[in-house]
Amino acid sequence: VQLQASGEGLVQAGGSLRLSCAASRRTFSTYAMGWFRQAPGKEREFVAAISWTGGTTYYADSVKGRFTISRDNAKNTVYLQMNSLKPEDSAVYYCATNERAGSIVSGRTKYWGQGTLVTVSS
């Protein structure tokens, strides 16, 4: 499975940005997907995850109510809609996959995409 993240951008605080992650294989539709982020000098942290059906989602407390994860299995793509962005959301964002969303929440992933940079100015 190859994951290609996109949506890199520079936005002002309070703005919005949408990240996309396209998967290379049709089996994407049976995998849970997630997003992580890593800011300079910090460890990579979980952001959001979604089950393969799209029916269950998980969020880190720091983004709950502002970010929305969704997926389009017909397009083998997962999205992360980020609203009300804050400077502390600035990081390299990575998409990842595993069979279960709960595993992703725990940091257990099978495949990673390359990162895409999000910068939020104050």
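Scoring rules and cut-offs
Residues numbered from 1 in each chain as written. Predicted model: local features only at pLDDT ≥ 70, side-chain atom pairs only at ≥ 80, totals over all residues. Heavy atoms only, no water. Disulfide = S-S within 2.5 Å. Helix = DSSP H or I, 4+ residues; strand = E, 2+ residues; numbered from the N terminus. Phe/Tyr/Trp six-rings, centres within 6.5 Å; stacked < 30°, edge-to-face > 60°. Buried < 20%, exposed > 50% of the residue type's maximum accessible area, 1.4 Å probe, protein only. Lys NZ or Arg CZ within 6 Å of the ring centre and 35° of its normal.

Chemist: Got a sec to walk through the state of the cysteines? Specific residues and values, please.
Modeler: Throughout this description, disulfide means a covalent bond between two cysteine sulfur atoms. Taken as a whole, this structure holds 1 disulfide when the rule is applied. A disulfide bridge connects Cys21 with Cys95, and the sulfur atoms are separated by 2.1 Å. Taking the sign of the S-S torsion, 60° for the link of Cys21 and Cys95, the bridge is right-handed. Of the two residues, Cys21 sits in strand β3 (residues 17–23) while Cys95 sits in strand β9 (residues 91–98), which places them 74 residues apart along the sequence.

Chemist: Help me get a handle on the packing of aromatic side chains, residues and values and all.
Modeler: Scanning the model with the defined rule gives 3 aromatic pairs in all. With a centroid separation of 5.8 Å and 75° between ring planes, the pair formed by Phe36 and Phe46 is classed as edge-to-face. Residue Phe36 is located in strand β4 (residues 32–38), and its partner Phe46 is located in strand β5 (residues 45–50); the two are separated by 10 residues in the primary sequence. Across the pair, Phe46 and Phe36 agree in class, each one buried. Aromatic ring contacts, followed pair by pair, group Phe36, Phe46, Tyr94 and Trp112 into a single cluster. The ring of Tyr94 carries Arg44 above its face, with NZ or CZ at 4.8 Å from the centroid. Against the face of Trp112 rests Arg44, its NZ or CZ located 3.9 Å from the ring centre.

All we've got here are geometric facts, nothing functional implied.
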